[in-house]
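A structural walkthrough
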Amino acid sequence: MRSLDFTLGLICLVSVPLLARGAPPTEQNQESQSSSRDEQANLYTSLVQQLGNTEFAKRKEAFLELWKAGPKAIAAVESGLGSKNLQIAQGSEILLPILKLDGLGPSSELYSLVIEPTPAKISTLCSNRHWRLAEQVLLGSESIKEQLAGFAGTSFLSLIGRLAMRQGDPTIAWPIVRAATNPLENNYKGSNLAIWISKQQNLELGDSFIAPDREALELLYEGKVAAALKKPASDVLKERIYSRYGLWNALSKEEVRKLYLQESFGVSQQAAEAILFEYAGNFRAADELWQTLLGSEGEEQTSDFELEISNALKLLEEVDFGSRNQLILALMASGRCDAVGQYLRQTDQDAAFDFLASDGKYESVFELQGLQSDFSNFQQWLKNQKTRLQAQAMQFGRDPALDAFAQASHMCNIMVGLGYKSEAEQYFETICEVADNKQHLWDRALWLWMNRDESRQLALRVIGTHFRTLSANTRRSILKNFFPELGVSASLLAANIPVLEPEPPLFEALDHLQACDNSYFEQHGSSIEAWLRKVEKVILRDNANDPARLVLQLKDLASLAQLSNLKDYALELALTQIELKNVAPEHWNIAADIYMNRGDAARAADILAGLRSASSSSYSHSMLVKEGNALLLSGQLEKHDELARTRWMRPLALTRIRQGSFHYGNVASELFDQADFGNAEEYAKTAVQHADFGSYDVYQSCRELGQIYEEQKMYAESAEVLRIPLLESLRPRASLIEFQVASKQLHFLRYLIIRERIHRAVGCIERGEFQAAERHMKVGERSKPQDIEMVVLCYPKLVAAGQNELAQRLFDSYDSVMQKQLQRWPNDAMAANNLAWMYARCDRKLEEALKLAQKGVSLAPSSPTYLDTLAEVHYRSGRVDAAVNAMKKCVRLNPRERHYRENLERFAARRP
């Protein structure tokens, strides 16, 4: 009983204060609490005002006090957002999201990271595991999000992914990635990387995530294109869907055509609309529009194509300046490139030079330059050119000189290709004399066209007579540009050639070193390894106090050793640098590659993981893919899956200028060079998905993906991709066509147009759509009648499909054009080579092919391209041993070209 009484008593004692607390407050208590709240509110308001104090210490103290108060200070801080005092407004903006966090007390250390935030400060917060705080700071700072929308986002997001990986959970980075990749309202261009990543990694966006077109984009990134189009969507998203997903039939609808032809009017609008009808498959409507514009009889009945070109030229001369580029693109896309070439001759001779030269119209090129096509006025022309180049070289502005000297080197290259080698040598001698020690000309212009097979040999012969008299900087520029595979160590390698008997000219030795031709040096009593080891000693001696340069130069030696099949020495150099904690990624890559080739994938994975831990900046996205492959091959599946989760959590900057930083397209290019086409395709498709509409970026991304498909013989897929930038640029002032015209590079755009037509024709043949295929073949031929790749790809497929008559018409048409080219320019080595290649790949006229191929090789004996053709002709004619020997020479001349190695394997295995 006592026990029970005690318990009841205790309950009563405890209950009394509880009941008291639950009693209704008196009037006095209410006034007291209200007064206390007012005092507190006044205190917080006062602290908010202190955020604008001129003394840093007082601003900091107020910030920390408000942070300490937590949610109770939210109302006061919200009132500070509209303050006219910029410091109060900015401080309130930073502080407000932080107040909503639980369990995180203020500190001076954290204050320094959240006040005036930067991407670097946010990454520091993440490295200290303050992920939620970092997210809130990022969400509250529009300026940081604007910074991360550009190239600054590249390294930041890559680092964030690595930090999360090191802390054991890649997904903790997701809120930061989500905030950083969600475009600001004024930056939205129809894609959303945050939504895309969420679908790739099955991550939540959350209801508070606000983005334009979110519902449609989520369906789109799930692959539900039709469902996405049924949702409310902005015009910019609709445009992107129709082009990026190949919904060409939709272009037959007027409302869709209006999307793409905004601000268009007059003849340029009609021309662009004709292309839209063409892409929609409505050929009749397209032909009717062109007939209205050019007075033609229609695509199928046109007999006077020259009249069409004449009328098109008149339109270009008369059309409004703002719409002219739209008309130029429409004419090129329809195969009427001759009109554009003639227009350029009248308005921009520099642009016309490259445009006409790329089409083999050499008489027009010489006429533009004032040179008679029979070279009868060559000596006087040469004097005039020297005067012109001297005037350009004296100008302080760099660009005029660059354009003039680049064009001069191009002209030299054309002369060499047409067999005018003596004249080309005189011209290049003049160019070198005028350029003298002007390093920027050597760096940016002279080597552009003279670094190609026979032209390169001629250039090196001429330069060799001047080399010792040039300045050290100019010599370095020459070596860097003409021997790129030697890297920054080119000068050092040139200065430390081993003793050879008999001693060869400098450039000859460097040429054989770059080609990794060890047999050449053995014949002269030495070896590549002896040369590299000699230079290694010099590097170690001279760079003891310059570790950065030492690493770069040893990297060059390791790369050369690897390419020269000196695997043990390459590994020795690479491992030495790794053990010294040097984080140049090339060393780690070389070591990983060698271990992979030796079948030790686990060791390769360890090497790459070591780089990932040692350096955040040196470990690239393509290395992540390589490490993932090594983990898979070594059976470390759990580690592979963990690493893979960071792949899309470390997005790369997608907006790029021509020489931009890392992005998905760059990763695709690196993987393509490694023949990793599966991964390359995935990254390239992502780059295409998010590239800006109608931009140079989408042109580059689509070209890269098209090449990946072409390498895999997926021609229909390539055509779909290559059409995207053409469609998106069919409006006035589209950025891609504006850039191509301004930079005088319309010939690059024409190349894309021709590849699209060739691959489109192949796709039609494969589907049995022969009438459409014939149309695309005609347009391609009109665009560039010397591009024999149309015959090489289409002829065998037409024959296999039983379309012998159509195949014959195609073959005869290109054969006739190429024969006329050789009649006019009998020493045109490229034309001879191309015709021989066409004959060989079609298994036609093989005896004539042999004569042409041998002629090409005799005109350009140092060209592996021409030797490759000769090897193909031998192989198709049953001379397998001769084919193998020719391909061995190709590989010796260019051991880095995958195509030559693959052909050597094909011939040796007697595969078709």
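1. Examining the overall build of the protein
A tally of helices and strands in the protein yields 53 helices and zero strands. Burial analysis of the protein (912 residues in total) assigns 53% to the buried set. Sequence-distant contacts, at least 24 apart, represent 62% of the contacts inside the protein between residues at least 6 apart. Total accessible area on the protein stands at roughly 41100 Å², and carbon and sulfur atoms take up 49% of it.

2. Focus on the packing of aromatic side chains
Applying the stated criterion across every chain yields a total of 27 aromatic pairs. Each member of the aromatic cluster is reached from another via a ring pair, and the members are Y362, F366, F375, F378, W381, Y420, Y427 and W825. A cation sits over an aromatic face here: R723 above W248, 5.2 Å from the ring centre. Over the face of the ring belonging to W825 we find R824, whose NZ or CZ atom lies 4.1 Å from the ring centre.

3. Focus on helix α23 (residues 362–369)
Residues spaced three or four apart along an α-helix face the same direction, because each turn holds 3.6 residues. Counting buried residues in α23 gives six out of eight residues, a clear majority hidden from the surface. When we look at burial in α23, the residues that qualify are Y362, S364, V365, F366, L368 and Q369. Looking one or two residues beyond α23, the residue adopting positive phi is G370, at roughly 80°.

4. Here we look at the packing of helix α24 (residues 378–393) against helix α26 (residues 421–435)
Contact geometry of α24 with α26 gives a least axis separation of 10 Å together with a crossing angle of 25°. Classified by the interaxial angle, the pair formed by α24 and α26 is roughly parallel. Crossing of α24 over α26 shows right-handed handedness. Across from F378, Q379, W381, L382, Q385, K386, L389, Q390 and A393 in α24, the residues of α26 making contact are E423, Q426, Y427, T430, I431, E433 and V434.

5. Some points on the pattern of salt bridges
Should their charged atoms come close, side chains of opposite charge can pair. Summed over all chains, the structure comprises 51 salt bridges. Two residues, K189 and D692, come together in a salt bridge whose shortest N-O distance is 3.2 Å. With K189 in the loop between α11 (174–181) and α12 (193–201) and D692 in the loop between α41 (677–690) and α42 (696–711), this pair connects stretches of sequence that are 503 residues apart. The exposure class of K189 is partly exposed, given its relative accessible area of 44%. You can call D692 buried: its relative accessible area is 18%. Put simply, K199, R214, E218, E222 and K224 are held in one network by salt bridges that share partners.

6. Points about the environment of L566
The residue L566 is located in the loop between α34 (547–563) and α35 (567–579) in this model. Measuring from C-alpha to C-alpha, the distance between L566 and E529 comes to 7.4 Å, with 37 residues separating the pair along the chain. What L566 contacts, discounting residues up to four positions off in sequence, is I528, E529, L532 and A561.

7. As for the side chain of N679
Residue position: N679 is located in helix α41. A polar side-chain atom of N679 sits 3.0 Å from a polar atom in the side chain of D676. Setting aside residues no more than four positions away along its own chain, N679 makes contact with V625, N629, R647 and L671.

8. Concerning the confidence of the model for the protein
On average, the protein scores 89 in pLDDT, and the residues at 70 or more come to 93%. Low confidence marks residues 1–22, where pLDDT is under 50. Its contacts with residues over four positions away, or in another chain, come to zero contacts. Scored below 50 in pLDDT, residues 656–661 shows 17 contacts in the model against residues more than four places distant or in partner chains.

9. Observations regarding the nonpolar core
Ranked by size, the top nonpolar core spans 247 residues in total, and within it F63, F366, F405, Y427, F428, I463 and L749 carry the most contacts. Examining the composition of this core, we find that eleven residues originate from one element, helix α25 (residues 398–417), more than from any other. Residues in contact with F63, not counting those within four places in the same chain, are L51, G91, I94, L95, I98, Y111, V114 and I115. By size, the runner-up hydrophobic cluster in this structure holds 57 residues, among which are M777, V792, A883 and V884.

10. Things to note about the side chain of E273
As for its position among the elements, E273 is in helix α17 (residues 266–280). Owing to a relative accessible area of 14%, E273 belongs among the buried residues under this scheme.

11. A closer look at the environment of E536
For E536, the location among the structural elements is in helix α33 (residues 528–542). In the structure, E536 is positioned 321 residues away from V857 in sequence and 38 Å away in space, judged by C-alpha atoms. Those residues in contact with E536 that lie beyond four places of it in its chain are L554, L557, Y569 and L573.

12. Some remarks on the state of the cysteines
In total, this model carries zero disulfides according to the counting rule given. Not engaged in a disulfide, the cysteine C412 finds its nearest cysteine sulfur in C432; these two sulfurs lie 8.4 Å apart. Here C764 stays free of any disulfide, with the sulfur of C794 as its closest cysteine sulfur at 9.3 Å.

Calculation notes
Residues numbered from 1 in each chain as written. Predicted model: local features only at pLDDT ≥ 70, side-chain atom pairs only at ≥ 80, totals over all residues. Heavy atoms only, no water. Helix = DSSP H or I, 4+ residues; strand = E, 2+ residues; numbered from the N terminus. Buried < 20%, exposed > 50% of the residue type's maximum accessible area, 1.4 Å probe, protein only. Contact = heavy atoms within 4.5 Å. Areas by Shrake-Rupley, 256 points an atom, 1.4 Å probe, with all protein chains shown as cover. Phe/Tyr/Trp six-rings, centres within 6.5 Å; stacked < 30°, edge-to-face > 60°. Lys NZ or Arg CZ within 6 Å of the ring centre and 35° of its normal. Axes fitted to C-alpha atoms, helices over the stretch in contact; angles between N-to-C directions. Parallel < 35°, antiparallel > 145°, perpendicular 65-115°, else oblique. Left-handed = near helix turned anticlockwise from the far one by under 90°. Salt bridge = Lys/Arg side-chain N within 4 Å of Asp/Glu carboxyl O. Polar contact = N/O pair within 3.5 Å; in protein donor to acceptor, adjacent residues only side chain to side chain. pLDDT = per-residue confidence, 0-100. Core = buried A, V, L, I, M, F, W, Y, C linked by side-chain atoms within 4.5 Å. Disulfide = S-S within 2.5 Å.

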